[in-house]
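A structural walkthrough
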Amino acid sequence: MLDFLRREGVAESTIKKVEEFRARYPLEDGSHYRVPKPTYLYYGTEIWEKALTALLTGENLLLVGPKATGKNVLAENLAAVFCRPEWDVSFYLNTDAASLIGTDTFRNGMVSFRQGPICQCAEQGGFGVLDEINMAKNESLAVLHATLDFRRIIDVPGYERISLHPATRFIATMNYGYAGTRELNEALTSRFLVINMPLISNENLKKLLLVQFPDLKEEYAEQFCLLFGDIRAKCESGEISTKPLDLRGLIASVRLVRNGLTAAQALDMGIINKSTDDFERQLVSDIVAVRIAPTLAAEDIFEQT
Ligand SMILES: Nc1ncnc2c1ncn2[C@@H]1O[C@H](COP(=O)(O)OP(=O)(O)OP(=O)(O)O)[C@@H](O)[C@H]1O
Ligand SMILES: [Mg+2]
């Protein structure tokens, strides 16, 4: 991972601090299995610099941005870079203190406390990914206030008091615009440093495609990037919604072509049908056809070996 950061152009001084962090907090036995081994790498040097520096400074991070901007990929990559066990907690409407901190349970006829993910993460110096944090009710998140600020403790009536391991960090993600998303209140937002996640750059998208599909012909990697750029431009000018601007869908489409579908079939499912409006679907379909001929198949866009 550190070599990857060097190749991405992250400052050597930052990387050195990460190495010091890792040396200061060696992994404890039994937590190796929780350290992620990322399949996807995050591209974006400036975001890397900001995120690494904030976490090195002891801060928690809130990654805010539209869908498929790599928020979870970055969070997982960060746990891997710092070589820390990761806890991934999805927030939903009914997330409450018990599901975060833990609850009393009966075991062998006795009451015992069953630790929730936040407690485990706190004690073991983990990186806690608070996924879609704004899906939960703000009131239920008040239990995290003392955990996320300078107090670095979990202190809830009825539970024992736990101090956070010095290596523990929290990385929250949030996506506004989805149905059901709510605003995070100021008290909670104030406990994070906020990174606005940009859409991947054209250059990095090409890199991503060629890394994920090493046999994709460069000219087609280029065409898929241009297509993504076209869709993006139409979104920015307000001509279409952001539904078809879906990097996940684009990557999945390329995979479908490799597995036997034509470009038209694949991009239909991955991009065009993400629109729910007939008129918009037609518009997107026209944009797609300009860059990618509908009949293209695996033998056209992939190198033959
Ligand atoms: N800058 C980037 N670098 C690398 N991959 C990226 C980048 N931006 C998006 N991706 C790709 O987009 C896909 C989605 O990433 P991820 O699941 O992290 O998105 P997200 O921001 O959490 O989306 P959502 O809000 O929908 O949960 C992955 O395949 C990821 O590789
Ligand atoms: Mg996500």
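As the structure is a computational prediction, the values presented were derived from the model and not from experiment.

A few words now on the overall build of the protein chain. Helix and strand content of the protein chain: 14 helices and nine strands. In terms of principal-axis extent, the alpha carbons of the protein chain reach across some 65 × 45 × 40 Å. Counting every position in the protein chain, which comprises 305 residues, the buried fraction comes to 46%. Working note: accessible area of the protein chain is about 15000 Å², and carbon and sulfur atoms make up 51% of it.

Turning to the side chain of Glu280, a few remarks are in order. Structurally, Glu280 can be placed in helix α13 (residues 278-291). Buried within the structure, Glu280 lacks any salt-bridge partner; its nearest side chain of opposite charge belongs to Lys243, at an N-O separation of 6.2 Å. Sequence-distant contacts of Glu280, that is, excluding residues within four places in its chain, are made with Ile240, Ser241, Pro244 and Ser275.

Bringing the domain arrangement of the protein chain into the picture now. Entries for the protein chain in the domain assignment read domain 1 (2-196) and domain 2 (202-301). Computed over C-alpha atoms only, the centres of domain 1 and domain 2 are separated by 33 Å. On the domain 2 side, the residues contacting the six residues of domain 1 number 12 residues. Across the domain 1 to domain 2 interface the summed buried area is about 720 Å²; carbon plus sulfur atoms make up 51%.

Let us look at the state of the cysteines. Enumeration over the complete set of coordinates arrives at zero disulfides. The thiol of Cys83 is unpaired, and the distance to the nearest cysteine sulfur, on Cys121, comes to 15 Å. What makes Cys83 partly exposed here is its relative accessible area of 25%. Of all cysteine sulfurs in the structure, the one in Cys121 sits closest to Cys119, which takes part in no disulfide; the separation is 10.0 Å. Overall, the relative accessible area of 1% leaves Cys119 in the buried class.

Before going further, it helps to spend a moment on helix α10 (residues 218-236). Compared with the 27 Å implied by 1.5 Å per residue over 19 residues, the 27 Å span of α10 between its first and last C-alpha is a close match. Residues of α10 that are buried include every one of Tyr220, Ala221, Phe224, Cys225, Leu227, Phe228, Ile231 and Cys235, and no others. Along α10, the residues classed as buried sweep out an arc of 155° about the axis, all on the same side. Residues of α10 that are exposed and point over 90 degrees away from its buried face: Glu219 and Glu236. Those residues of α10 that are buried are in contact with α9 (202-212), α11 (247-258), α12 (263-270), α13 and α14 (298-301). Following α10 by one or two positions, Gly238 adopts a phi angle in the positive range, close to 80°.

Conventions used here
Residues numbered from 1 in each chain as written. Chains lettered and ligands numbered in written order. Predicted model: local features only at pLDDT ≥ 70, side-chain atom pairs only at ≥ 80, totals over all residues. Heavy atoms only, no water. Helix = DSSP H or I, 4+ residues; strand = E, 2+ residues; numbered from the N terminus. Buried < 20%, exposed > 50% of the residue type's maximum accessible area, 1.4 Å probe, protein only. Areas by Shrake-Rupley, 256 points an atom, 1.4 Å probe, with all protein chains shown as cover. Lys, Arg positive; Asp, Glu negative; His and termini not counted. Salt bridge = Lys/Arg side-chain N within 4 Å of Asp/Glu carboxyl O. Contact = heavy atoms within 4.5 Å. Domains from an automatic or database assignment. Buried area = accessible area lost by both parts, 1.4 Å probe. Disulfide = S-S within 2.5 Å. Expected span 1.5 Å × (residues − 1). Arc of directions from axis to C-beta.

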